[in-house]
Number of protein chains: 2
Amino acid sequence: MDRTGPLATIAASLRRERERLGLSLTELARRAGVAKSTLSQLESGAGNPSVETLWALAVALDVPFSRLVDPPAAAPVHVIRAEDRVVIPSDTAPFTGTLIAACPPGARRDLHVITGEPGPSRAAHAHINGTTEHMLVTSGRWRAGPVDAPVELALGDYARFPGDRPHTYEALEAGSAAVLVMEYI
Amino acid sequence: MDRTGPLATIAASLRRERERLGLSLTELARRAGVAKSTLSQLESGAGNPSVETLWALAVALDVPFSRLVDPPAAAPVHVIRAEDRVVIPSDTAPFTGTLIAACPPGARRDLHVITGEPGPSRAAHAHINGTTEHMLVTSGRWRAGPVDAPVELALGDYARFPGDRPHTYEALEAGSAAVLVMEYI
DNA sequence: CGTTGCTGTTCGTCAAGCCGAACAAGGAGA
DNA sequence: TCTCCTTGTTCGGCTTGACGAACAGCAACG
């Protein structure tokens, strides 16, 4: 966790999330029930908001509280080979997905098991912003990752890649399987 | 994410985390650089702390910011068989553990891969309060779970059990392996 | 050109968070 | 018991965040 102070992060996050929704500063202030002067100062980096104020803004923006205080998680594609036990993006075509454990409140992590057979790769729609996918091959081989940069994964390989951008899964062997962790910020 | 207001959660979280470290209110206030009167009021539920104040406390407690505002998740023992794709506690004896992905800030989830050979079961020390372990067998068979209620797991079985109490792992076949997710609240 | 409506800004006032000191309560030791 | 140090509490003050209004800038419309 970073210790650089959350104020600058909050300022940037507020403006980013507000513009993501296409809301004006005035409109967001109205929805959140805070004075627009307060919001203006917060977005300009000045101020030290109370928890209640920031909470109201998070609700109005429909984002988790921590989204505003934690620095935007850089989610570059990260690849680790089985030999090194490193992260690698993986992607399968005809596959079945099974939700094993739903994300408990506060943990923000969903566990899936997917199995696939060789065939055309299957594209997955992008998830909400800030999503990261972890994939660990437990059987066979896969090709997975962002549509513009998929990575081939062998048994035991692990991959991590952004889940908020288009990505694909493709099984390269019969009976391929993998553990998939959907992670939200 | 919950929308019930973070103040009560903050009050409970502050006291819980402080007592977890065995710190007195006075000592925590000193380390965080906040007046102990302020901390006293926060723990009693009164007050509406500023982000800077709460941030200083989170740093002093060495917990991510969101740990203080998100409600704690309940973690009863939950078991699911492979046929049902349900959770089941698993436990192995002679084993090797490899950290694949360290817990990113706010996500509070560590990914491990463990491999084991048959032999005497190995007890794992209890982790910090609120820890939950997820285990998914990717090879062989395991017996794992709380020391007083271990569960046998076959290939593909999944188990979830509290990690803040003593538990064990025991591989039942040569070349057994599993994915282990350490989850913190 | 003036008006209306929006953008986001800055200002003064009031309320409230934060602080430090003073406080009561509980052990530990002489 | 009396003292000393700790625990966490409550109290006056200073500081600061939140509010609402007034403000300047820009675009569309009559």
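Here the structure is shown first, and the text comes after it.
Residues numbered from 1 in each chain as written. Chains lettered and ligands numbered in written order. Predicted model: local features only at pLDDT ≥ 70, side-chain atom pairs only at ≥ 80, totals over all residues.

Caption draft 1: Just the packing of helix α2 (residues 25-32) of chain A against helix α3 (residues 36-43) of chain A, in detail. All names here are of chain A. In contact at an axis separation of 9 Å, α2 and α3 are set at 120° when each is read in the N-to-C sense. Viewed along their axes, α2 and α3 adopt a mutual orientation that is oblique. Where α2 crosses over α3, the two elements pack in a sense that is right-handed. Of the residues in α3, those in contact with L25, T26, L28 and A29 of α2 are K36, L39 and S40. Residues that form the contact of α2 with α3 fall into these classes: four nonpolar, two polar and one charged. (Axes fitted to C-alpha atoms, helices over the stretch in contact; angles between N-to-C directions. Helix = DSSP H or I, 4+ residues; strand = E, 2+ residues; numbered from the N terminus. Parallel < 35°, antiparallel > 145°, perpendicular 65-115°, else oblique. Left-handed = near helix turned anticlockwise from the far one by under 90°. Contact = placed C-beta atoms within 7 Å. Nonpolar A, V, L, I, M, F, W, Y, C, P; charged D, E, K, R; others polar.)

Caption draft 2: Region of interest: the protein's contact with DNA strand D. In the vicinity of DNA strand D, 20 residues are found, and the nearest of them are S37(A), S24(B), L25(B), S37(B) and S40(B). For the surface near DNA strand D, the secondary-structure elements that each account for two or more residues are α3 of chain A together with α2 (25-32) and α3 (36-43) of chain B. Of all the elements, α3(B) adds the most residues to the surface near DNA strand D, at five residues. The residue makeup of the surface near DNA strand D, split by class, is four nonpolar, 13 polar and three charged. (Near = placed C-beta within 6 Å.)

Caption draft 3: Structural detail: the pairing of strand β8 (residues 158-162) of chain B. Residue and element names in this part refer to chain B. Burial within β8 is extensive, with five of its five residues counted as buried. Where strand β5 (residues 132-139) lies against β8, five bridges are found, and the strand directions are antiparallel. If you follow E133 over to β8, its bridge partner there is F161. (Buried ≥ 20, exposed ≤ 12 C-beta atoms within 10 Å, placed from the backbone. Pairing = 2+ DSSP bridges.)

Caption draft 4: Geometry of the protein's contact with DNA strand C. By nearness alone, 20 residues border DNA strand C, and S24(A), L25(A), S37(A), S37(B) and T53(B) come closest of all. Contributions of two or more residues to the surface near DNA strand C are made by α2 and α3 of chain A together with α3 of chain B. Considering every element that reaches the surface near DNA strand C, the biggest residue donor is α3(A), with five residues. By residue class, the composition of the surface near DNA strand C is four nonpolar, 13 polar and three charged.

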